[in-house]
Amino acid sequence: MQQVASASLASLVIPSYYQIPNAEAAMTDETASFANQFTDASYRQQSPTTSQDVTTTQTGVAATSTALSDEILFTIYKSDILKMKGGFGLELGQVTFRTNFRVVVKSVTPNSLAEKLGIQPGWVVVSVDGEDVERTNAAGVATYFSRAVKTVLNSPDGMDPNTNANFMTMIFRDPSKFRNELEDFPTTTSEGAVGEGGSSSPATVTTRVAPAGDTTQRNSDGSLRPGASVTEQSDQIVTITQLIPPQMCKRRATTDDLLEISYIGQVLETGAIFDGSAVKIQGEGIPGRGNDISMFFVLGKQPFGQFPPGWDVGLDGICVGERRRLIIPPVLAYGAVGVPKRGIPPNATLQYDVTLVSMNGLATPQ
């Protein structure tokens, strides 16, 4: 969390062989034409033309997942609050970076309402009764919670239990859920279960790495840092879709693994191709690439600025032969500055379709 917040994405360095003299030049994906009948299928693999991103949801007795796959919504009714003895049962802590905060659950009191709902230590508090608290400290979260409880307790008796004034909500983020789902993508279907008349949709997991709001670089007292200006950002959400699952997988990619990938990169807002492992510019190959179909990098240990940090997030747990679509927000891509020489505008969200061809020199499924 702190590493994401502290990354200075405006200063990313682009290798010289990636420089494009004219950002308006047409770039094309040549994966199919560079490959041949003797090339391994993983090298030739491209994204299904009918694939669509989907949002997964889960339901439970005490909680319901929100649109983000690692966030969990709890509904707390007036009847539950009236039964509380000794408080809700949460001890909160906070992680601080400069003037930003994240509030986390430090502990849960045994036999408390919080324990009965299933809230776990280590979860991040996202919102209280519809109010986003990801830029609030622990004391602020406690204040929001107290206000919400008072509003519910002051609601008239005999109201419909489903009336908004008769309950409050809290949303938490389970940091481990996103990582776990990258290793075991949830299966989503439409119109029934797979094998019972339903059709399978691409499996997708999502997480919000930074909330919307003020991103101004400030000193600890709140004043602007030298040279800084007031800036804001929208929600920074990472979305990972499994376009093609691996045939088998017992060994998943992790930090320090040498990955060979075939990929294509596009600006999400425009669809323009700006990079890829097998591309041509205006019909001409890129000097130094020699019509390669793939490239290598070390997961979690890439030179700063060579590739977007979102790769380390989205390719964790990938298997040989698997193809994923990474939707990377600006904070994990090239930030508020972008890379105009490569056709990446400021605050651009990037889409990468990536196939893992080999891992640590082995191209066979592991």
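Residues numbered from 1 in each chain as written. Predicted model: local features only at pLDDT ≥ 70, side-chain atom pairs only at ≥ 80, totals over all residues. Heavy atoms only, no water.

Enquirer: Looking at this structure, how should I read the pattern of salt bridges?
Expert: Side chains that carry opposite charge are capable of pairing whenever their charged atoms lie near each other. Inspection of the entire model under this criterion finds 12 salt bridges. One salt bridge connects Glu-134 with Arg-102, and the closest N-O pair in it is separated by 3.6 Å. With Glu-134 in the loop between β7 (131–132) and α6 (138–153) and Arg-102 in strand β5 (residues 100–108), this residue pair connects regions lying 32 residues apart in the sequence. The exposure classification of Glu-134 matches that of Arg-102, with both residues buried. Through salt bridges with shared partners, one network takes in Glu-71, Arg-102, Asp-132, Glu-134, Arg-173 and Arg-208. (Salt bridge = Lys/Arg side-chain N within 4 Å of Asp/Glu carboxyl O. Helix = DSSP H or I, 4+ residues; strand = E, 2+ residues; numbered from the N terminus. Buried < 20%, exposed > 50% of the residue type's maximum accessible area, 1.4 Å probe, protein only.)

Enquirer: In this structure, what is going on with the sheet that holds strand β1 (residues 27–29)? I would like to understand it.
Expert: If you walk across this open sheet you meet the 3 strands as β1-β17-β18, and the pairing is antiparallel. Edge positions in the open sheet fall to β1 and β18 (284–285), since each of these has one partner strand only. Strand direction decides the pairing type here: strand β17 (residues 279–281) and β18, joined by 2 bridges, are antiparallel. Of the residues in β18, the one forming a bridge with Ile-281 is Glu-284. (Pairing = 2+ DSSP bridges.)

Enquirer: Looking at this structure, I do not really get the confidence of the model for the chain. What am I missing?
Expert: When pLDDT drops low, the exact placement of atoms in the prediction is not to be read closely. Of the residues in the chain, 73% have a pLDDT of 70 or more, and the chain-wide mean is 78. Element-level mean pLDDT values for the chain span from 35 in helix α1 (residues 2–6) up to 95 in strand β6 (residues 124–128). This stretch, residues 51–66, has a pLDDT under 50; its non-local contacts, to residues over four places away or in other chains, come to 38 contacts. Confidence drops under a pLDDT of 50 for residues 189–198, and excluding neighbours within four residues, the segment shows 11 contacts in the predicted structure. (pLDDT = per-residue confidence, 0-100. Contact = heavy atoms within 4.5 Å.)

Enquirer: Got a minute to help me understand the state of the cysteines in this structure?
Expert: Defined simply, a disulfide is a covalent bond joining two cysteines at their sulfur atoms. All chains considered together, the criterion is met by 1 disulfide. Each sulfur in the disulfide pair Cys-249 and Cys-319 lies 1.9 Å from the other. Across the S-S bond of Cys-249 and Cys-319 the torsion is about -75°, and the bridge reads as left-handed. Taken as a pair, Cys-249 in the loop between β14 (236–244) and β15 (258–267) and Cys-319 in the loop between α8 (310–314) and β20 (323–328) lie far apart in primary sequence, 70 residues in all. Judged by relative accessible area, which is 24%, Cys-249 ranks as partly exposed. You can call Cys-319 buried: its relative accessible area is 1%. (Disulfide = S-S within 2.5 Å.)

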